[in-house]
Amino acid sequence: MADRVVFSDLELFLTGFIRRELAAMPGQPFPGGFISNEFWVNNPTTPKPAPPFQIIVRDDSGPRTSRVTKSPTVGITILGSDAVSKIVITNLGHTVFAIMEGCARVEPGNPVAAVLGATGPYKVVDESGQPRRYMTFELSVVGTPFP
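What you are looking at is a predicted structure, and each value in this text was computed from that prediction instead of being measured.

Peer 1: What should I look at first to understand the packing of aromatic side chains in this one?
Peer 2: Geometrically, a pair of aromatic rings is defined through the distance of the ring centres and the angle of the planes. Following the criterion strictly, the structure yields three aromatic pairs and no others. Aromatic side chains phenylalanine 97 and phenylalanine 137 sit 5.2 Å apart centroid to centroid with 40° between the ring planes, which places their arrangement in the tilted category. Linking phenylalanine 97 in helix α2 (residues 86-101) with phenylalanine 137 in strand β7 (residues 132-142), this pair joins segments that are 40 residues apart in sequence. Of the two residues examined, phenylalanine 97 and phenylalanine 137, each falls in the buried class. With a centroid separation of 6.0 Å and 70° between ring planes, the pair formed by tyrosine 122 and tyrosine 134 is classed as edge-to-face. Note that tyrosine 122 is positioned in strand β6 (residues 112-123) and tyrosine 134 in strand β7, a separation of twelve residues in sequence. For tyrosine 134, a relative accessible area of 15% gives the class buried.

The rules we used
- Residues numbered from 1 in each chain as written.
- Predicted model: local features only at pLDDT ≥ 70, side-chain atom pairs only at ≥ 80, totals over all residues.
- Heavy atoms only, no water.
- Phe/Tyr/Trp six-rings, centres within 6.5 Å; stacked < 30°, edge-to-face > 60°.
- Helix = DSSP H or I, 4+ residues; strand = E, 2+ residues; numbered from the N terminus.
- Buried < 20%, exposed > 50% of the residue type's maximum accessible area, 1.4 Å probe, protein only.

The structure is reproduced here in structure tokens:
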């Protein structure tokens, strides 16, 4: 067993995982979204239209549960633009929830060993009036040997 363990960037893994899972859906019902660990901000020097929705993944950390595992809580915000309806954001919320419930897999690069608990998705009032949903997941993740 390694003397030291390092944990991978969970936000990077999960944003890529959610992006791939949504893209693989038949008919791609949720195209053109922005999936990141930070909210989309328009660049004033080269303005672009806002994406139809944003999925923001935030790792809130958590306790170390063994020498090689920890149990972080992950918060996911889904924010719609003026171009999408509340029902689309609600459906996207349920879809992302299902994707996250199945994110524990034995595959290269996947640090998620188990989904220990989940809440949501539930409505959050956004001051902009745009539809917003929020959900949380308690995960068990494994580290890799420190080089």
